[in-house]
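# Architecture and fold: a report
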Amino acid sequence: MQTVSIDIVSDVVCPWCYLGKARLDQAIANVGAELQVAVQWRPYQLNPDLPPEGVDHKQHLAAKLGGQAAVDRAHETLNALGHADGIAFDFDAVKISPNTLDAHRLIRWAATHGDAAQSAVVSLLFKANFEEGRNVGDHAVLLDIAAEAGLDRPVIAALLNSDADKDAVKEEIGMAREMGVTGVPCFIIDGQYAVMGAQSVDVLSNALREIAQMKATA
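A short tour of the structure in this document, coming up.

Basis of the calculations
Along each chain, the written sequence defines residue order, and numbers are assigned to residues from 1. Local features in a predicted model are, by the rule used here, given only for residues with pLDDT of at least 70; side-chain atom pairs are given and counted only at 80 or more, and totals for whole chains, interfaces and linings are based on all residues. The side-chain numbers reported here are obtained from all heavy atoms of the structure, hydrogens and water having been left aside. Only DSSP runs of H or I covering at least 4 residues are called helices, and only runs of E covering at least 2 are called strands; the numbering of each starts at the N terminus. Radius of gyration here is computed from C-alpha atoms only, and the compact-globule reference equals 2.2 Å multiplied by the residue count raised to the power 0.38. In this scheme, a residue with accessible area under 20% of its type's maximum is buried, one over 50% is exposed, and one in between is partly exposed, where area comes from a 1.4 Å probe on protein chains only. Residue contacts are defined here by distance: any two heavy atoms, one from each residue, within 4.5 Å place the two residues in contact. The Shrake-Rupley method, run with a 1.4 Å probe sphere, supplies the accessible areas, and residue values consider only the shown protein chains as cover. Only four residue types enter the tally: Lys and Arg on the positive side, Asp and Glu on the negative side; His and the chain ends are excluded. One atom stands in for each charge, and that atom is NZ of Lys, CZ of Arg, CG of Asp or CD of Glu. Using protein atoms alone on a 1 Å grid, points that fit a 1.4 Å probe yet trap it form a cavity, whereas open point sets bounded by protein on both sides within 12 Å along at least five of seven lines form a pocket; residues with an atom within 4 Å of a point count as lining. Grid points are joined across faces, edges and corners, and a volume is the space filled by probe spheres set on the points. Two strands qualify as a pair provided that DSSP identifies no fewer than 2 bridges between them. Orient the strands so they point away from the viewer, and a crossover whose first-strand-to-second-strand path over the helix runs clockwise is right-handed. In protein, a polar contact requires one atom able to donate a hydrogen and another able to accept it; more generally it is a pair of N or O atoms within 3.5 Å, and residues adjacent in sequence count only if both atoms are side-chain atoms. We define a nonpolar core as any set of buried Ala, Val, Leu, Ile, Met, Phe, Trp, Tyr and Cys residues linked to one another through side-chain atoms lying within 4.5 Å. The span one expects for a helix is its residue count, reduced by one, times 1.5 Å.

## A closer look at the overall build of the protein chain
- If you tally the helices and strands in the protein chain, you get nine helices and six strands.
- Over its C-alpha atoms the protein chain spans a radius of gyration of 17 Å, differing by no more than 12% from the 17 Å that the globule rule assigns to 218 residues.
- Dimensions along the principal axes, computed over C-alpha positions, put the protein chain at roughly 50 × 45 × 35 Å.
- Residues classed as buried in the protein chain amount to 45% of the 218 residues present.
- Counted over contacts in the protein chain with a minimum sequence separation of 6, partners at least 24 positions apart contribute 77%.
- Total accessible area on the protein chain is roughly 10,400 Å²; 52% of this is exposed by carbon and sulfur atoms.
- A gap of 1 Å separates the mean positions of the 17 positive and 29 negative side-chain charges of the protein chain.

Right under this line is the structure:
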C-alpha cells in the first residue's frame with residue numbers, strides 16, 4: 001500500500017483551517033482502503049504581533065476585515081459551511097484573539113507522541129477556540145487540552161513556562177513564508193505538491209489518489 005505524506009501549514013485561530021481539517025479527515029477516510037496517509041501539522045501565525053495576553057476579538061476582527069458588516073457576512077458563510085462539515089462554530093463565544101505561539105509549541109510537542117496525538121491536540125485547540133470560546137493563548141487552557149489528549153500535564157507545564165521551541169516554531173513559520181505560503185490552510189503533499197485553501201473532500205481525496213498513482217508508476 002502506498003504511503004502519502006501531508007504537511008498542513010495552519011493556524012489554530014483560522015476558521016478555514018478548521019474546515020480544512022474536517023474535510024481532510026473525511027478525505028483520508030475515503031481513501032483509507034487504498035493508501036496510507038501520514039499527517040504532520042506545521043505552524044503559521046496569522047497575527048504574530050499580538051501580545052501574549054491577546055486582544056479583544058470582536059474589535060480586532062472588525063478592524064482586520066473592514067467593519068462589523070464584513071465580519072457578519074464572513075461568519076454567516078462559515079456557519080453554513082461548518083454545519084455541513086460537522087463543525088458548530090460559535091463566533092459569539094470567542095472573546096479573545098490570542099497569540100498562538102504557545103499553541104503551536106504544544107502541537108509540536110504532541111508530535112513526539114505520534115500523528116494521532118498531534119491530530120487530537122489540533123482538533124481540541126480548534127474546538128476550544130471556535131466552538132467553546134476558550135482562550136487558546138492561556139496556559140491553563142493549553143494544559144487542559146494537553147491532558148485531554150493524553151500528554152503529561154506536568155511536563156507540558158514546565159515546557160510552557162520555559163522558552164522551549166519558541167525559536168524553532170518561529171523559524172518554521174519563516175520557512176513557510178519563504179516557500180511562498182501567504183495564507184492557510186496549505187496542504188503540502190509528499191513535500192512537493194501544494195493544495196491551497198479549505199478544498200472540498202472530493203478535491204482532497206482525488207489529489208491523494210492521483211499522487212499515490214504517480215508514485216506507484218514512477
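From this point, the discussion proceeds with the structure in view.
## Notes on empty space enclosed by the protein
- Counted under the stated rule, the structure contains one cavity of 30 Å³ or more.
- A volume near 30 Å³ is recorded for the largest cavity.
- The wall of the largest cavity is formed by Ser 10, Val 12, Trp 41, Arg 42, His 104, Ile 107 and Val 122.
- Secondary structure elements with two or more residues in the lining of the largest cavity: β2 (35-43) and α4 (101-111).

## Let's talk about the pairing of strand β1 (residues 2-10)
- Of the strand pairs in this sheet, β1 and β2 are connected by nine bridges, and their pairing is parallel. Paired with Asp 7 across the strands is Gln 40, a residue of β2.
- Handedness of the β-α-β unit built from β1, helix α1 (residues 15-31) and β2 comes out right-handed.
- Inspection of the sheet shows β1 paired to strand β5 (residues 186-189) by four bridges, in the antiparallel sense. Considered in β5, the bridge of Asp 7 is made with Ile 188.

## Some points on helix α2 (residues 57-65)
- Every buried residue of α2 is accounted for by His 57, His 60, Leu 61 and Ala 62.
- Where the residues of α2 are buried, they touch β3 (55-56), α3 (68-84) and β4 (96-97).
- For α2, the side-chain oxygen to backbone nitrogen distance between the N-cap and Lys 58 is 3.3 Å, and the N-cap itself is Asp 56.
- Directly beyond the C-terminal end of α2, a positive phi value near 95 degrees is found at Gly 66.

## Quick notes on unusual backbone geometry
- Note that the residue after Val 184, namely Pro 185, is joined by a cis bond; omega there is 5 degrees.
- Within the secondary structure layout, Pro 185 lies in the loop between α8 (166-178) and β5.
- With a phi close to 70 degrees, Asp 165 is a non-glycine residue in the positive phi region.
- Mapped onto the fold, Asp 165 is located in the loop between α7 (153-160) and α8.
- Given a relative accessible area of 28%, Asp 165 falls into the partly exposed group.

## Thoughts on the nonpolar core
- By size, the foremost hydrophobic cluster in this structure holds 58 residues, and its most contacted members are Leu 106, Val 121 and Leu 125.
- Here this core gets seven residues from one element, more than from any other, and that element is helix α5 (residues 115-130).
- Leaving out residues up to four positions away in the same chain, Leu 125 has contacts with Val 12, Ala 103, Ile 107, Val 136, Leu 142 and Ile 145.

## Examining α5
- End to end, α5 covers 22 Å across 16 residues, agreeing with the expected 22 Å (1.5 Å per residue, within 8%).
- Within α5 the residues assigned to the buried category are Ala 117, Gln 118, Val 121, Val 122, Leu 124, Leu 125, Phe 126, Ala 128, Asn 129 and Phe 130.
- In this structure, the buried residues of α5 make contact with β1, α1, β2, α4 and α6 (139-148).

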